[in-house]
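Next come the chains, spelled out residue by residue.
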Amino acid sequence: MTETRKKTMTLLVYGELCKVRISLFSACAALTGFLLAGHEFRPEALVLITGIFFLACGSSALNQYQEWRTDSLMPRTERRPIPSGRIESSHALVFSITLIFLGSVTLLLTGRAVATFLGLLAVIWYNGLYTLLKRKSAFALIPGSLVGTIPPAIGWVTAGAPFSDPGLIALCFFFFLWQVPHFWLLILHYGGEYEKAGLPSLSTLLTHTQLSRIIVNWIFATAVSCLFLSMSGIVVTPLINYTLFGISLWLMATAIRLLRHAGEVTSPYTLTFRMINTYMFLVMLLSSLDTFFI
């Protein structure tokens, strides 16, 4: 193997440790909050998304360090960098702490100390409270999903908008609701692995059909909460509002399909999982575009 190939492979492994796609999502969520609050793209937005990306990468890497022994017990996660032996756990720990430090310092450059405070709060909530709680309760995701509301809130306050604005409440509420069905769809498919690894799982408390019905209810709630973005006045362009309404109906139609196949071995888990992620991406994109039509 050439030296260049070795470096490329190492970079890819560390990118896997950081869960780059999820970290990019967090940065996009922060940017969405920034644009909806500030109604324009300013230079500090670049500093914001860089800081959030570093923090999210560091938090993800730290989470994999915390859970590598459990990850080694599940087929879905046994090939992650630490349990597979591609990265030593001590190296992963140092790497994660470095990224968290860089992210915190970068957020300070926005000129909003509250941005750094909220960023560190997200790390503490995710890597502290949630990571410990999910070893004890099958419902740990509910408080854990509050972490997802922090990136858009950081973007919001970095743009100079107040915490008291009803638009921020609507935005954070939407991000909170979306995360629950997003992760419970994983339980629907991989619940047995969680059980074998000794983790509390809803699959031990509910049947496949019951869990499917609960997930569908949360998906419907997510779709409805999207409309609050229009009602709160942070998305005002008629065409974008109509489009948000349309894709919300589309998401609910997808959820109904999951309900129709509840309990079947061939339940359309993968389709629903992809659709709800695509839906969130479209909502962030459309909401951000609204900024440029005002």
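Whatever comes next refers back to the structure up there.
First, a word on scope: everything that follows refers to the structure included in this document. Since the structure is predicted, the reported quantities are computational estimates derived from the model, not experimental observations. (Residues numbered from 1 in each chain as written. Predicted model: local features only at pLDDT ≥ 70, side-chain atom pairs only at ≥ 80, totals over all residues. Heavy atoms only, no water.)

### With respect to the nonpolar core
Stated precisely, the cut-off is as follows: Take the buried residues of types Ala, Val, Leu, Ile, Met, Phe, Trp, Tyr and Cys, join any two whose side-chain atoms come within 4.5 Å, and each joined set is a nonpolar core. Only protein chains enter the accessibility calculation, which uses a 1.4 Å probe; a residue whose area is less than 20% of its type maximum is buried, one above 50% is exposed, and one in between is partly exposed. Working definition: helices are DSSP H or I runs of at least four residues, strands are E runs of at least two. Numbering for both runs from the N terminus. Two residues qualify as a contact provided that any one of their heavy atoms is within 4.5 Å of a heavy atom in the partner residue.
Core analysis: the largest hydrophobic core is formed by 73 residues, its most contacted members being Trp156, Leu185, Ile215, Leu229, Leu244, Tyr279 and Val283. Top contributing element to this core by residue count: helix α8 (residues 166-196), with 14 residues. Apart from residues no more than four positions distant in its own chain, Leu244 is found in contact with Cys226, Ser230, Val235, Val283 and Leu286.

### Side note on the environment of Asn277
Quick note on the threshold: For the purposes of these results, a polar contact is taken to be a pair of N or O atoms within 3.5 Å, where, inside protein, one atom must be able to donate a hydrogen and its partner to accept one; residues adjacent in sequence count only when each atom of the pair is a side-chain atom.
Looking at where Asn277 falls in the secondary structure, it is placed in helix α12 (residues 269-290). Asn277 sits 119 residues away from Thr158 along the chain, and the two C-alpha atoms are 26 Å apart. When sequence neighbours within four positions are dropped, the list of residues in contact with Asn277 reads Trp178 and His182. A polar contact is formed between the side chain of Asn277 and the backbone oxygen of Phe273, at a distance of 3.2 Å.

### A closer look at the packing of helix α2 (residues 20-38) against helix α7 (residues 150-158)
Helix-helix packing is described using two parameters, namely the angle between the two axes and the distance between the axes. In plain terms, the rule: Each axis is a line fitted through C-alpha atoms, and for a helix only the stretch in contact is used; angles between axes span 0 to 180 degrees, taken between their N-to-C directions. What makes a crossing left-handed is the near helix being turned counterclockwise from the far one by less than a right angle; a clockwise turn instead makes it right-handed. Under the scheme applied, nonpolar residues are Ala, Val, Leu, Ile, Met, Phe, Trp, Tyr, Cys and Pro; charged residues are Asp, Glu, Lys and Arg; polar residues are all the others, including Gly.
With their axes 6 Å apart at the nearest point, α2 and α7 run at an angle of 35 degrees to one another. For the crossing formed where α2 meets α7, the hand is right-handed. Judged by residue contacts, Ser26, Ala29, Ala30, Gly33, Phe34, Leu36 and Ala37 of α2 engage Pro151, Pro152, Gly155, Trp156 and Thr158 from α7. In the contact of α2 with α7, the residues fall into 8 nonpolar, 4 polar and no charged.

### Looking at the packing of α8 against helix α9 (residues 208-226)
Put simply, the rule is: Working rule for angles: under 35 degrees goes down as roughly parallel, over 145 as roughly antiparallel, 65 to 115 as roughly perpendicular, anything else as oblique.
At their nearest, the axes of α8 and α9 sit 9 Å apart, and the two run at 155 degrees to each other. Classified by the interaxial angle, the pair formed by α8 and α9 is roughly antiparallel. In terms of crossing hand, the pair formed by α8 and α9 is left-handed. Contacts between α8 and α9 involve Phe173, Phe174, Phe176, Leu177, Trp178, Val180, Pro181, Trp184, Leu185, Ile187 and Leu188 from the former and His208, Leu211, Ser212, Ile214, Ile215, Trp218, Ile219, Ala221, Thr222, Ser225 and Cys226 from the latter. Within the contact of α8 with α9, the residues separate by chemical class into 18 nonpolar, 4 polar and no charged.

### Thoughts on the state of the cysteines
Where we set the bar: Any pair of cysteine sulfurs within 2.5 Å is marked as a disulfide.
A complete count under the given rule lists 0 disulfides for this structure. Note on Cys57: no disulfide assigned, nearest cysteine sulfur contributed by Cys18 at a separation of 4.2 Å. Looking at the unpaired Cys172, the closest cysteine sulfur is the one in Cys226, lying at 14 Å.

### Quick look at helix α4 (residues 89-108)
So the rule is basically this: Multiplying one less than the number of residues by 1.5 Å gives the expected span of a helix. Read the arc as the range of directions from the helix axis to the C-beta atoms.
With 20 residues, α4 should cover 28 Å at 1.5 Å per step; its first-to-last C-alpha distance of 29 Å lies within 8% of that length. Among the residues of α4, those classed as buried are Ala92, Ser96, Leu99, Ile100, Gly103, Ser104, Thr106 and Leu107. Projected down its long axis, α4 shows its buried positions confined to an angular sector of 165 degrees, all on one face. The outward face of α4, more than 90 degrees from its buried face, is lined by the exposed residues Val94 and Phe101.

### Comments concerning unusual backbone geometry
What is expected of a backbone is that most residues other than glycine have negative phi and most peptide bonds are trans. Residue Lys19 is not a glycine yet carries a positive backbone phi of 50 degrees. Along the chain, the position of Lys19 falls in the loop between α1 (3-18) and α2. Not every positive phi belongs to a glycine, and His39 is a case in point at roughly 60 degrees.

### Side note on the environment of Leu99
Mapped onto the elements of the fold, Leu99 is located in helix α4. Linking Leu99 and Phe54, residues 45 residues apart in sequence, is a C-alpha distance of 5.4 Å. Beyond its immediate sequence surroundings of up to four residues, Leu99 is in contact with Cys18, Phe54, Leu55, Cys57 and Gly58.

### Topic: the environment of Tyr279
Checked against the element boundaries, Tyr279 lands in helix α12. For the pair Tyr279 and Ser248, spaced 31 residues apart in sequence, the C-alpha to C-alpha distance is 7.8 Å. The residues touching Tyr279, leaving out its near neighbours within four places in the chain, are Phe174, Thr222, Ala223, Cys226, Ile247, Ser248, Trp250 and Leu251. In this structure the side chain of Tyr279 is engaged in a polar contact, spanning 2.9 Å, whose partner is the side chain of Ser248.

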